[in-house]
Amino acid sequence: MTGLKQTALFRSLLAAVTLWLIAGCSADLIEETASNPLETKQVTADWIAVKQSATDSTLERGQRMFQMCAGCHGLAEGEFSPGGPSLYGVAGRNVGSIDGFPYTQAMANKPEVWSVEHMNTFIAAPQSVYPGTSMAYTGLNNPEDRAALIAFIASKSPL
Amino acid sequence: MNNQDSKPPITRRSVLMAAAAVSAGTALQSCAPPGDQPIAKQTPKSHDLDFDVIVIGGGFAGVTAARELGVEGKRVLLLEARPRLGGRTFTGNFQGKKVEFGGSAVHWIQPHVFAEMQRYGKGFEEVPLVDLDATNVMLSSGEIKRISPSEFGEAYDSARIAFCAGSKELFPRPYSPFFKPGVLELSNVSAADHMESLGLNELQKATLNAELTLYGGAPPDEFSYTSFLKIYALAAWDYYVFSDSEKRYKISDGGTLGLCQAILDHSGAEVRLGKVVAKVHQDQNAIRVETTDGQTVSAKAAVITVPTKVYDDIDFTPGLSNEKREFIANAEMCDGACLFVRFKQNLGNTFSFCDDPNPFTAIQTEYFDDDFGTIVKVTLGRQSLIDLNDHDAVSAVMKRLFPKAEIEAISSYNWATDPFSRQAWPSYRVGWFSKYKEMAKPEGRLFFAGGATADGWHAYIDGAVESGIRAGREVRQALAEESASTGAS
């Protein structure tokens, strides 16, 4: 990656994080359920902020990153999802909450919400966040890659 | 839950579970057998347990065992930890193409899987492989030799022929691998030991060492020499058949998942996905299996089909035999993974071997044309040499091999780090091939299957199917003997 592209990516990441902070998101939010309408609204606002601030280069990188997920997960509505739950509508959804999907106990009906922050933490080390998850993916170490991936998911989400 | 009814109650949750599984295309809940081949009517239970048999694991060994018992009228429950079937096979998507992220090789010389393909009407899909346009060998130093396919073939074939020269004498009956005492005498010889004795040239050594790294999922000095020789013997002691059996053909008509699902559909077994087995308890009368969600189910017998390294995650009471525990702790080491890369350009039909310790052990073209570009499948014998999730690291190695090509997309599946496999294909460490039968021995009401227990193609789908057939037979016999002794129907 060129230095110019790196700078652009950092700027977009910074913009997203800034918007997220301005929106008043708290780290505690990830421990809450989506049953509180105000908190749900906040989580959704975070995703919208990421979606709106994503640059073309970020989305291009995020799309490349998503190819690692696409082997198991569908992203579009109704798309075949051969090895994991569909990620359509994941933004703001409760963890392990798709009706009827055979989650392992490690991820079924968890109290957390897929906020931007929680998704970022999870993608970095899925098996540390939910030990025993059937997700074999070991984690995306590069924070820029994670930011781009989350931006791409946001861009495809019905927000 | 400790359900004492013969059938679990139909609940909203169970209906949703089944619906979701079908929508994911992975679950196979089907009480209706395919076509006009009805399963035998399930015999009324002669006991108060939930099922006759519980099968743990939904790979080829598990579904085959379930089918072998289901068609005989046994009430079978299959528990699978993942949200999909297939075990260490996985038919997935990459760039709009159906790809196999796990085991995929099939051949008509592999009798068990070929019979299943015939039974369920599955054909062969050929990957390019033949008529190669370009071949590369990356030496252990990292230097790349761009050689013609004929040079490549000459080095690779002659090296394997030399390495496997004793296979016919040692394995005249490969399904009875210890028929000749000489095999056991070579138990402590590693693949590297034998290779060093052959006086191979640079290219021969690099291609053969890569091949052995791939089979071992470890450096060849850790890998059993004779276990590789047995596979070669199974391929009719012929290098050409051997190559075809390991690389050239996949299952068409739905891939590995299609065949796996067909076998399970035929079984009539009840399937529960997402169920991680935590405890297996047996007593004089029953098996009780507890999953991590706290549910318990009971049966007369259980068939365990999980990969060898996963046994440690299950609490068996009473404990497994010392022989099994030693095998589980020491026998297998396969550090393998799979990677797909799409290039924008048409690179043609290529094959590359990268000698250990380069991470991308074998690279084989899967699709290529001018409009689509190229997809290559990379099989790694040692995934721990690279972070497969680091695109920059993957791209750097690919750039060295294909300097003019631009990467469009990358996707991988890491079997060694998957908590429900913990290893890729079965492979035996030096000194442990001679003990594989310990893992197959029944213990009370517990029966054992899985590729590592196969007499034949242990590193292949065929070995898993073979083991499922054998375990099914053992359970049928045991339950019949028990019924006869107790007078139960």
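See above for the structure.
Because the structure is predicted, anything quoted here is derived from the model rather than measured. Within each chain, residue numbers correspond to sequence positions counted from 1 in written order. Chains and ligands are labelled by the order in which they are written, letters from A for the one and numbers from 1 for the other. Per-residue local features are limited, in this predicted model, to residues with pLDDT of at least 70; the limit for side-chain atom pairs, both in listing and counting, is 80 or more; totals at the level of whole chains, interfaces and linings are taken over all residues. The side-chain quantities take in all heavy atoms of the structure and omit both hydrogens and water.

Take the overall build of chain B next. Helix numbering and strand numbering both begin at the N terminus, where a helix is a DSSP run of H or I of at least 4 residues and a strand a DSSP run of E of at least 2. Helix and strand content of chain B: 14 helices and 19 strands. In terms of principal-axis extent, the alpha carbons of chain B reach across some 70 × 55 × 40 Å. Three labels apply to residues, based on accessible area from a 1.4 Å probe with only protein chains included: buried if under 20% of the type maximum, exposed if over 50%, partly exposed otherwise in between. Across the 489 residues of chain B, 61% fall into the buried class. Every accessible area reported is derived by Shrake-Rupley at a probe size of 1.4 Å, with residue values counting cover from the shown protein chains alone. Element-wise, carbon and sulfur atoms account for 50% of the exposed surface of chain B, whose accessible area totals about 17800 Å². Residues counted as positive are Lys and Arg, residues counted as negative are Asp and Glu, and His and the chain ends are not counted. Lysine's charge is taken at NZ, arginine's at CZ, aspartate's at CG and glutamate's at CD. The positive charge centre, built from 50 side chains, and the negative charge centre, built from 62, are 5 Å apart in chain B.

Here we take up helix α2 (residues 60-70) of chain B. Residue and element names in this part refer to chain B. The buried fraction of α2 is high, at 11 of 11 residues. Three or more residues of α2 are buried, namely F60, A61, G62, V63, T64, A65, A66, R67, E68, L69 and G70. Close packing links the buried residues of α2 with β1 (51-56), β2 (76-79), α3 (111-119), α11 (255-267), β12 (296-304) and α14 (461-486). We call two residues in contact whenever any of their non-hydrogen atoms come within 4.5 Å of each other.

Moving on to the environment of G71 of chain A. All names here are of chain A. Along the chain, G71 falls in the loop between α3 (56-70) and α4 (116-124). A relative accessible area of 3% means that G71 is categorised as buried. Taking the C-alpha atoms as reference, G71 lies 8.1 Å from S81; in sequence the two are 10 residues apart.

Listed by partner, the interface residues are 37 residues for chain B and 30 residues for chain A. Interface area, chain B with chain A, both sides summed: about 2600 Å², of which 56% is carbon and sulfur. By buried area we mean how much accessible surface two parts lose on assembly, using a 1.4 Å probe and totalling the loss over both. Considering only the surface of chain B that becomes buried against chain A, P83, N389 and H391 of chain B emerge as the three largest contributors, covering 23% of it. We define a salt bridge as a contact between a side-chain nitrogen of Lys or Arg and a carboxyl oxygen of Asp or Glu at a distance within 4 Å. Where chain B packs against chain A, one counts 0 salt bridges. Two N or O atoms count as a polar contact when they lie within 3.5 Å, although within protein this holds only if one can serve as hydrogen donor and the other as acceptor, and sequence-adjacent residues are included solely when both atoms are side-chain atoms. Seen at the junction of chain B and chain A, the total is 5 residue pairs in polar contact (both at pLDDT 80 or more). The set of elements that each furnish at least two residues to the side of chain B that touches chain A consists of α1 (12-23), β3 (91-94) and β18 (407-413) of chain B. Each residue is assigned to one class: nonpolar for Ala, Val, Leu, Ile, Met, Phe, Trp, Tyr, Cys and Pro, charged for Asp, Glu, Lys and Arg, and polar for all the others, Gly among them. A class-by-class count of the residues in the side of chain B that touches chain A yields 16 nonpolar, 14 polar and 7 charged.

Quick look at the pattern of salt bridges now. Close approach of charged atoms allows side chains of opposite charge to pair. All names here are of chain B. What the rule picks out here adds up to 31 salt bridges over all chains. R119 is paired through a salt bridge with E116; the nearest N and O atoms lie 3.3 Å apart. Of this pair, R119 and E116 both sit in helix α3, separated by 3 residues, roughly a single helical turn. Looking at E116, the relative accessible area reads 1%, which means it is buried. Several salt bridges share partner residues, and in doing so they unite R67, E68, E116, R119 and R476 into one network.

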